[in-house]
Amino acid sequence: DNEVPWILGTQLTTQCGPLARSSDSSRVLLIEAHDFARRMPYHSQKLTLVFAAMRQFRDRLQADGYDVTYIQAETFKAGLSTFFEENPDTRLVTMRSPSYGSERRLRDIADDAGGEVRFVENELFVSTRAAFDGWAGDDEQFKHESFYRWMRRESGVLIDDGEPLGGEWNYDDENREFPPDSWEAPPVPTHDYDDSTTETAEWVSSTFDTWGSNELFNWPVTRAQALDQLEHFLTHRLPEFGPYQDAMRSEEWAMSHALLSGAVNIGLLHPMEVIAGVEDAYHNRPAVDLPSAEGCIRQLLGWREFMRHVYRHSMPELATANQLDATQALPELYWTGETAMNCLAETIDAVHSHGYSHHIQRLMVLANFATLWGVEPDQLNEWFHATYVDAYHWVTTPNVIEMGQYGHGVFATKPYVSSANYIDGMSDYCADCQYDPSVDTGETACPFNALYWDFLDRNESKLRSNHRMGLMYSHVDTKREAGELDDLGEQVDTFRVRAENNNL
Ligand code: SF4
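1. Quick notes on the overall build of the chain
So, step 1. Across its full length, the chain carries 21 helices and 7 strands.
So, step 2. For a compact globule of 504 residues, the expected C-alpha radius of gyration is about 23 Å, and the chain comes in at 24 Å, within 12% of that figure.
So, step 3. By principal-axis analysis of the C-alpha atoms, the chain measures approximately 80 × 55 × 50 Å.
So, step 4. Restricting the contact set of the chain to residue pairs at least 6 apart, pairs at least 24 apart contribute 76%.
So, step 5. Element-wise, carbon and sulfur atoms account for 45% of the exposed surface of the chain, whose accessible area totals about 20,800 Å².

2. Some details on the site of the ligand
So, step 1. Around the ligand, the neighbouring residues are Met341, Asn342, Cys343, Ala420, Ile423, Tyr429, Cys430, Cys433, Tyr435, Pro437, Cys446 and Phe448.
So, step 2. Those elements that place two or more of their residues in the shell around the ligand are α13 (342-354) and α17 (420-426).
So, step 3. Of the residues assigned to the shell around the ligand, the class counts are 11 nonpolar, 1 polar and no charged.

3. Remarks on the sheet that holds strand β4 (residues 91-95)
So, step 1. The strand order across the open sheet built from 3 strands is β1-β4-β5, with neighbouring strands paired in parallel fashion. Each edge of the open sheet carries a strand with a single partner, namely β1 (3-5) and β5 (116-120). When the angles between neighbouring strand axes are averaged without regard to direction, this sheet yields 30°.
So, step 2. Bridging between β4 and β5 involves 5 bridges; their strand directions are parallel.

4. Quick notes on the packing of helix α10 (residues 290-314) against helix α16 (residues 393-404)
So, step 1. Running from amino to carboxyl end, α10 crosses α16 at an angle of 85°, the nearest separation of the two axes being 8 Å. Relative to α16, the element α10 is oriented roughly perpendicular. Contacts from Trp303, Arg304, Met307, Arg308, Val310 and Tyr311 in α10 reach His393, Trp394, Thr397, Pro398, Asn399 and Met403 in α16.
So, step 2. A class-by-class count of the residues in the contact of α10 with α16 yields 7 nonpolar, 3 polar and 2 charged.

5. Description of the nonpolar core
So, step 1. If you look at the biggest cluster of nonpolar residues, it comprises 134 residues, and the most contacted ones within it are Leu30, Tyr334, Leu344 and Phe448.
So, step 2. Residues in contact with Tyr334, not counting those within four places in the same chain, are Trp211, Leu344, Ile348, Leu366, Phe369, Ala370, Leu380 and Trp383.
So, step 3. Of all hydrophobic cores here, the second largest spans 17 residues; its members include Ile31, Ile71, Ala73 and Leu106.

6. What to know about the packing of helix α18 (residues 447-458) against helix α21 (residues 485-500)
So, step 1. The N-to-C vectors of α18 and α21 enclose an angle of 115°; their axes lie 9 Å apart at closest approach. The hand of the α18/α21 crossing is left-handed. On α21, the residues touching Pro447, Ala450, Leu451, Trp453, Asp454, Asp457 and Arg458 of α18 are Leu485, Leu488, Gly489, Gln491, Val492, Phe495 and Arg496.
So, step 2. Looking at the contact of α18 with α21, its residues break down into 8 nonpolar, 2 polar and 4 charged.

7. Looking at the domain arrangement of the chain
So, step 1. Per the domain assignment, the segments making up the chain are domain 1 (3-120), domain 2 (129-194 + 220-314) and domain 3 (333-500).
So, step 2. Between domain 2 and domain 3, the contact holds 30 residues from the first and 29 residues from the second.
So, step 3. Together domain 2 and domain 3 conceal approximately 2,600 Å² of surface at their shared face, both sides included; 65% is due to carbon and sulfur atoms.
So, step 4. The largest share of the area that domain 2 buries against domain 3 comes from Met248, Trp253 and Met307, three residues that together contribute 30% of it.
So, step 5. Scanning the region where domain 2 abuts domain 3 turns up 0 salt bridges.

8. Quick look at the environment of Ala281
So, step 1. Within the fold, Ala281 resides in helix α9 (residues 271-284).
So, step 2. As a C-alpha pair, Ala281 and Glu231 span 50 residues in sequence and 9.9 Å in three-dimensional space.

9. Here's the deal with the side chain of Asn214
So, step 1. Take Asn214: it is sitting in the loop between α6 (195-207) and α7 (223-244).
So, step 2. Of the residues examined, Asn214 reaches a relative accessible area of 18% and is grouped as buried.
So, step 3. Reaching out from Asn214, the side chain makes a polar contact with the side chain of Thr48 at a distance of 3.3 Å.
So, step 4. At 3.3 Å, the side chain of Asn214 and the backbone oxygen of Ala201 are in polar contact.

10. Considerations on unusual backbone geometry
So, step 1. In this structure, the amide linkage connecting Met315 to the following residue, Pro316, adopts the cis form with an omega of 5°.
So, step 2. As for its position among the elements, Pro316 is in the loop between α10 and α11 (317-320).
So, step 3. Even without being glycine, Leu259 reaches a positive phi, approximately 60°.
So, step 4. Position of Leu259 among the secondary structure elements: in the loop between α7 and α8 (261-265).
So, step 5. Of note in the backbone geometry, Asp325 takes a positive phi value of approximately 50° without being a glycine.
So, step 6. Within the secondary structure, Asp325 is located in the loop between α11 and α12 (333-336).

What counts, and where the lines are drawn
- Residues numbered from 1 in each chain as written.
- Predicted model: local features only at pLDDT ≥ 70, side-chain atom pairs only at ≥ 80, totals over all residues.
- Heavy atoms only, no water.
- Helix = DSSP H or I, 4+ residues; strand = E, 2+ residues; numbered from the N terminus.
- Rg over C-alpha atoms; globule rule 2.2 N^0.38 Å.
- Contact = heavy atoms within 4.5 Å.
- Areas by Shrake-Rupley, 256 points an atom, 1.4 Å probe, with all protein chains shown as cover.
- Near = heavy atom within 4 Å.
- Nonpolar A, V, L, I, M, F, W, Y, C, P; charged D, E, K, R; others polar.
- Pairing = 2+ DSSP bridges.
- Axes fitted to C-alpha atoms, helices over the stretch in contact; angles between N-to-C directions.
- Parallel < 35°, antiparallel > 145°, perpendicular 65-115°, else oblique.
- Core = buried A, V, L, I, M, F, W, Y, C linked by side-chain atoms within 4.5 Å.
- Buried < 20%, exposed > 50% of the residue type's maximum accessible area, 1.4 Å probe, protein only.
- Left-handed = near helix turned anticlockwise from the far one by under 90°.
- Domains from an automatic or database assignment.
- Buried area = accessible area lost by both parts, 1.4 Å probe.
- Salt bridge = Lys/Arg side-chain N within 4 Å of Asp/Glu carboxyl O.
- Polar contact = N/O pair within 3.5 Å; in protein donor to acceptor, adjacent residues only side chain to side chain.

So this is what it looks like as C-alpha cells:
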C-alpha cells in the first residue's frame, strides 16, 4: 500500500492515529512549515515548543526505525510539492486538524501539488465528532454541564454504578479557597534539553519577530518529558490543585496547575492518559481528594472536548462574533505589560515570561478587563493565540470570544464580568496596587469598578432582559437613582484618556 502517514505538528504521537496502525519500519512525513510563524508576533516559547517537539519527534521515530521524510519549507504547499515530486504514486493519510477549514485547505494544497491526502478522525480527543453530534441532536444551544455528565457516564470516569462518585457531579464549592500566607506553591518541574532543543530556541529567536522571553523556556518537548511532567503533577501539584485552582498570587505564576495543556495540545500526551492518571491518583494516593480530581478531570473530559465541538459547530461565525458590538482596540498594555493595574501587570508578566497564566487570570483578569473596556473580541482572541504556549484557534476562539467576551451565545448565558471585588477576593494583587479596589471614582479608583458599571449601563438594552443579570441590574438601578452613573461614566472617560497616553 502506497499510503504514508503525514504527521502534523500538533499530532506528535505514535499512540493513536495512522502511525499507531503502521509498522515501525514504515514511512512517515513531517512538514515543518515556517510561514505561519511570520504572520504575528508569537511568543518565542510557543514557536520553540512546536518546532523543538517536531524535531524531537522526528529523531525519536528515526531511532525507532521509521523511514522519516522531514521537510522544512516556507509553506505546506512548498513542502507537499517537494514530497509529491519525489513520491508521485503516494497518497498521504492524516488526522483532521481541529482548525476550521484546515481539511479543505490542505486538500486543495495537495491537489495543487499533484497529490492526494486522506483525512481520518482526530483520535487525540476523547470524543468523536459523530458522538457529540449524536448527543447534541437538533439542539444548537449546547450546555456544558449536561455534556460533561454524559461524558462521565460514557467514559465511566469517576462513576460508580451509573452515578457520580461521591454523589455530586461538581465540587467547585470546595475549590475556591485562597492559600494562607505560609503556603508555598509546589515546585515547577524542570527539564534538561539537548543541543537540538537549545539550538531550536536560538533559531526561533533569530529567525522570527517574536514576543515574550525565551530565557525561561521549561515546557516538555518530548513524550518522556511530558510523562515526567504528568507524574510530577500527580505527585506534587494535584493534591492542592482543587482548593487553590482559582487563586492568584504574585510571584506564583503556576500555583498548583498541571502545566500540561501545551503538551496535550500537540499530542505528546493523550487527554485520556491524563484523565486516567488523575482518576488513578484519586483512588491510590491518599493526598488526592475528590474535589481536586474531579475539578481537573472536568477541564479535560468536559471543557476541552466541549470547546472543540462548539468551535466546530459555530465557525466561521464565531471568529468574528460580536453581539455586544464592542469596537475598542486592544489596549497597548496587553503587549507592553506597562500599567499601574497590578493584576494586569502581574498576569501579563507571567505570560511574557512563560507563555502561560492559569484559567482565572485568563478569564477574570485579562478577558474581564477587555470585556469591560469594550475590546473587539477578535482582537483579544488573536492576542491569546499569539502569546500562550497552549493556544490554538479551536481552543481560544470559543474560550475568548464566547466565554471571555460574550461575543456569541451558543453556550455562554451571561458575560463573565466583575468589578474589583472578585479579583480582590481571589488574589493578593490589590494589596500592592496603586489603585484601591474599594474606590469607584477619583484619583485612587480601581478602573475595574467604574468600567463595570459603565459596561452594564452601556449594554443595558442587550443584557437587562437576561434573567441571570437581574441582580446586577438591581444594583445599576440603585446607582442610577443615587445619581452615581454619570460620575462613573466620567471616570471611565478619564481612564480612556490615560490609556491613550499609556498611563493607566
Ligand atoms: Fe487590579 Fe483594581 Fe486590584 Fe489594582 S485594585 S490589582 S487594578 S483589581
